[in-house]
Amino acid sequence: MEENKATEANGDCFDFISRLSGTGRDFLVRNTGEKVKINTLKGKKLGLYFSGSWCRPCQQFTPNLVEVYNELSSIRDFEIILVSADIYIEAFDRGYPYLVILDEKGKVLTDNGVEIILDFGAEGYPFTLERIKEMKEKEEEAKKNQSLKYLLVTPSRDFVISNDERKVPISELEGKMVGLYFFYPSNRWCSKFTPKLMEVYNKVKDIGERFEIVMLCVDDDDELFRESLRSTPWFALPFTDNRWQKLVRYFELQSVPSLVIIKPDGNTLSSNAVEAIEDYGIRAYPFTPEKLAELAEIEKVEVQKAGWPQKVKHALHNEHELVLTWRRSFICAECKEEGRKWSFRCEECDLDLHPKCALKEDNSTQMDTQQEKEFEEETEEEEEEPATEEQSLRSILVTPLRDFVLTNDENKVPVSDLEGKMVGLYFYHPSHDPCLEFNPKLVEVYNKLKEMGERFEIVMVCLEDKDKESFNLSLRTMPWFALPFNDNSFLKLVLQFHIKSLPTLVIIGPDGKTLHSNVAEAIQEYGIQAYPFTPEKFAELEEIEKAKNAAQTLESILVSENRDFVIAKDGSKVPVSDLVGKNIFLYFSAHWCPGCRNFLPKIIEAYQEIKAKDNLFEVIFISYDRDEASFQAFFSRMSWLAIPFGDKRRESLTRKFKVSGIPMVVAIGRTGKTVATEVTDLIEAYGGHAYSLIFQDENKDEEDVEKSVQKDEKELEKKANEDEKGLEKTDLERDLEREMEKVGEM
């Protein structure tokens, strides 16, 4: 025993096996239920796999690890041990998934197991530094002699699938030019690029070229994968195939969409042809450096013919000269339109102008000294950016190709007909639940304002750019105007108005200036009372809100129309009046949310501890579940009350307490007033001990509560650190970190 301690102290060997044991437990279990004695693992290589069922990267990596484990199952000296993060989600701070590989003596061979498995699979065994070095040298050699088979064939698959899911041998693609299309179905840029790629692909095939595309879907949604496969004309790797992960690393890809072009001889021609196709379409084929250089020269000749100068001065940006620059895409600082190819740009200030905007006749390329001085003085006096000052409804809604909006029966109405009116720009998506919930309220307000004769209009900016049927349905069922489907200005407007969430309703005043960046919440809360959306009106509403908060009772926030009850787990109704005089936690949560599932055991423990001391306490669950079955499954694990599934009170509570993420716990005191709007972290850290701090003085505001917590923090942390499992976890992590530091020094 003393000898072992001395060895451990010298750092030659650490007995990690003892760290895997627990009080009264000397075994681990397999997924079959079989118990494995921990001492049988001595002398074996071990992989400590830190993972969580809630972790999407873990879900993607685990099949790779299982495949490697099965391939190595005949080797008796290698085992993998899952260290689950489903409960101790914050106990390990290195990120998930994480794979540490130990040798037979317990020393760390590598803490980079995930990357090694992805790069080399079972061939990386026995995972020594020498083996990894050897494999990297082999990979570099293979790159020099790269082939299509090397890229796409695996031990279990030598085919790709067609859009009707027929297997096609990879040998049939050899000798052709092949594009490897790395694609994410729900990514907006992939959705915009795919139609352009299809157009190029079909034209190339029409002229008889030997060109194919293989789609590598970097998503784990089977339904989206199959939908994408059916709607495109090319091949794909099977959905369950994880080869794409290896290839992403192999080609060092940084973003999607990416299109790697493989020559007929199997070597890489282009690491990403997306930009070339965006810029030149079919003209970019066959994607050779010579072809792209030729197209660039043509562009230069066109610029020379146009007579554009290399540098200009512009009143909008007098600080620096603007240089003629090739740009893949940009937003023009003057007209706010999206641009491509050529821009007059200031690199230092990240500012672009369309050539047509930079070279307008009324914008001299050079200003004399007096003009420059006057412009600088005017700029210093302005509180807002010049672009904002020059904003008009026309600059917002008119493009070079369109000067109209559509009615709900698809008639064209000139934008000029809307000038001089207050206009709401409604950023909307037809499949987004909060938008669907907001629509009836907005329709009600809009119709009332029109009945009152107010000069107010709404223009819908629909962010659905794939499903025209959904767009048309939205247009027909709403009483306002809209931009046409997939209009190329919607991205410009999203950027211009800094749209962060949906629904958003930007208010443009009759003078064309922005009156408010988003009144959706105000309309949801106050309806027509929020009109005309001026600062004075919002100040008035704020005073009303303060008065409501001062008079707040439990019944005022939980009773709505005929809904004056909550429900118990058995479905029985509990009148809200029975809860008056109690301290209440409003618990916003959902079964689909990993953080909520991890937080639930903590709040259950806190609830039981608090109820044992104070019966005048209750928790009410407000569900964000997507279906009643999920709600019931989650609620069945709770001992407290809930608002029924689908109850409209959830929306009013969400707005009132500004719920932007879950889990979230709001504390309501015995008088019905809000004590604190976010106590989740306190419960997470201190369990039932947080209760006395939160409710020790109901007259304290949330800031006072936080100060009280900080005052008693040391005492509470000391008690929390006495948790035996927490100490065991810390010991294991500390020893691993020591070994990892040694590996990093090698």
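Parameters and conventions
Residues numbered from 1 in each chain as written. Predicted model: local features only at pLDDT ≥ 70, side-chain atom pairs only at ≥ 80, totals over all residues. Heavy atoms only, no water. UniProt positions renumbered as here; feature names shortened; annotations may be inferred. Salt bridge = Lys/Arg side-chain N within 4 Å of Asp/Glu carboxyl O. Helix = DSSP H or I, 4+ residues; strand = E, 2+ residues; numbered from the N terminus. Buried < 20%, exposed > 50% of the residue type's maximum accessible area, 1.4 Å probe, protein only. Pairing = 2+ DSSP bridges. Axes fitted to C-alpha atoms, helices over the stretch in contact; angles between N-to-C directions. Contact = heavy atoms within 4.5 Å. Right-handed = clockwise from strand over helix to strand, strands pointing away. Parallel < 35°, antiparallel > 145°, perpendicular 65-115°, else oblique. Nonpolar A, V, L, I, M, F, W, Y, C, P; charged D, E, K, R; others polar. Phe/Tyr/Trp six-rings, centres within 6.5 Å; stacked < 30°, edge-to-face > 60°.

Within an unreviewed UniProt entry, the label attached to the chain reads protein-disulfide reductase, and the organism entered is Camellia sinensis. Under the UniProt heading Sequence similarities (unreviewed entry), the note attached to the chain is "Belongs to the nucleoredoxin family."

Engineer: For this particular structure, what's the right way to read the pattern of salt bridges?
Structural biologist: Pairing is possible between side chains of opposite charge, provided their charged atoms come close. Counted according to the given criterion, the structure contains 32 salt bridges. Across the pair E212 and K176 runs a salt bridge whose closest N-O atoms are separated by 3.2 Å. Taken together, the positions of E212 in strand β10 (residues 211-217) and K176 in the loop between β8 (167-169) and β9 (177-183) put the pair 36 residues apart, joining distant regions of the chain. The exposure class of E212 is buried, given its relative accessible area of 5%. Taking relative accessible area as the criterion, K176 reaches 18% and is therefore assigned buried. Taking the shortest distance from any N to any O, the salt bridge between R563 and D647 comes out at 3.3 Å. Of this pair, R563 sits in the loop between α21 (554-558) and β25 (565-567) while D647 is found in the loop between β29 (641-642) and α24 (649-656), placing the two residues 84 residues apart along the sequence. Taking the relative accessible area as the measure of exposure, R563 reaches 32% and is therefore partly exposed. Looking at D647, the relative accessible area reads 6%, which means it is buried.

Engineer: Looking at this model, I keep getting lost on the sheet that holds strand β3 (residues 45-51). Mind explaining?
Structural biologist: Across the sheet, four strands lie side by side as β4-β3-β5-β6; this open sheet has mixed pairing. Of all the strands in the sheet, the pair left with one neighbour each is β4 (78-84) and β6 (108-110). Between one strand axis and the next, the sheet turns by 30° as a mean value, whatever way the strands run. The sheet contact formed by strand β5 (residues 98-102) and β6 spans two bridges and is antiparallel. Within β6, the residue paired with I101 across the bridge is T110. Against the sheet, helix α3 (residues 56-71) engages β3, β4 and β5, with an angle of about 160° to β3.

Engineer: Sorry, what's going on with the pairing of β9 here?
Structural biologist: Regular strands show a simple pattern: their side chains alternate between the two faces of the sheet. Across the seven residues of β9, seven count as buried, placing the element largely inside the fold. Judged by which residues are buried, β9 turns out to be covered on both faces: M177, G179, Y181 and F183 on one side and V178, L180 and F182 on the other are all buried. Summarising the sheet, β9 and β10 pair through seven bridges and their orientation is parallel. Counted as the bridge partner of V178 is E212 from β10. What joins β9 to β10 is helix α7 (residues 188-206), and the crossover it makes is right-handed. Alignment of β9 against strand β12 (residues 258-262), held across five bridges, turns out to be antiparallel.

Engineer: Explain helix α9 (residues 243-250) to me, please; I cannot follow it from the model alone.
Structural biologist: The α-helix winds at 3.6 residues per turn, so residues separated by three or four positions along the chain end up facing the same way. Judged by how many residues are buried, α9 sits mostly within the fold: six of eight residues are covered. R243, W244, Q245, K246, L247 and Y250 are the residues of α9 that are buried. Tucked inside the fold, the buried residues of α9 contact α3, α4 (113-120), α5 (129-144), α6 (148-152), β9 and β10. Once α9 finishes, E252 follows within two positions and takes phi at roughly 55°, a positive value.

Engineer: Help me understand the packing of α4 against α9, please; the structure alone is not making it clear to me.
Structural biologist: Helices that pack against each other are described as a pair by the angle of their axes relative to one another and the distance between those axes. Closest axis-to-axis distance for the α4/α9 pair is 8 Å, and the angle between their directions is 100°. Taken together, the axis directions place α4 and α9 in an arrangement best described as roughly perpendicular. Contact residues: E115, L118, D119 and F120 in α4; Q245, K246 and R249 in α9. For the contact of α4 with α9, a count of residues per class yields two nonpolar, one polar and four charged.

Engineer: I keep staring at the packing of aromatic side chains and nothing clicks. Help me out?
Structural biologist: Two aromatic rings, taken as a pair, are described by how far apart their centres are and by the angle between their planes. Under the criterion given, the structure shown has 40 aromatic pairs. For the ring pair Y426 and W480, a centre distance of 5.8 Å and an interplane angle of 85° mean the geometry is edge-to-face. A residue pair is termed long-range when its members are at least 10 positions apart, and Y426 in strand β20 (residues 422-428) and W480 in the loop between α17 (468-477) and β22 (481-482) qualify at 54 residues. The exposure classification of Y426 matches that of W480, with both residues buried. A centroid spacing of 5.5 Å and a plane angle of 90° characterise the contact between Y531 and F533, whose relative ring orientation is edge-to-face. Residue Y531 shares its accessibility class with F533, and that shared class is buried.

Engineer: Please clarify how unusual backbone geometry should be interpreted in this entry.
Structural biologist: Glycine aside, residues mostly have negative phi, and peptide bonds are mostly found in the trans state. Here the residue pair V256 and P257 is connected by a cis peptide bond, since its omega of 0° sits within 30 degrees of zero. Note that the residue after Y285, namely P286, is joined by a cis bond; omega there is 10°. Within the secondary structure, P286 is located in the loop between α10 (274-280) and α11 (289-306). Positive phi is not limited to glycine here, since F127 has a value of about 65°. With respect to the element layout, F127 can be found in the loop between α4 and α5. The residue E252 is not glycine, and still its phi comes out positive at about 55°. Position of E252 relative to the elements: it lies in the loop between α9 and β12.

Engineer: I'm lost on the pairing of strand β27 (residues 583-589) in this one. Help?
Structural biologist: Of all seven residues in β27, seven are buried, a share of seventy percent or more. Residues of β27 alternate between two faces, with N583, F585, Y587 and S589 on one and I584, L586 and F588 on the opposite face, all of them buried. Of the strand pairs in this sheet, β27 and strand β28 (residues 617-623) are connected by seven bridges, and their pairing is parallel. Bridge pairing in β28 places L586 opposite I620. For the handedness criterion, the β-α-β arrangement of β27, helix α22 (residues 594-613) and β28 is classed as right-handed.

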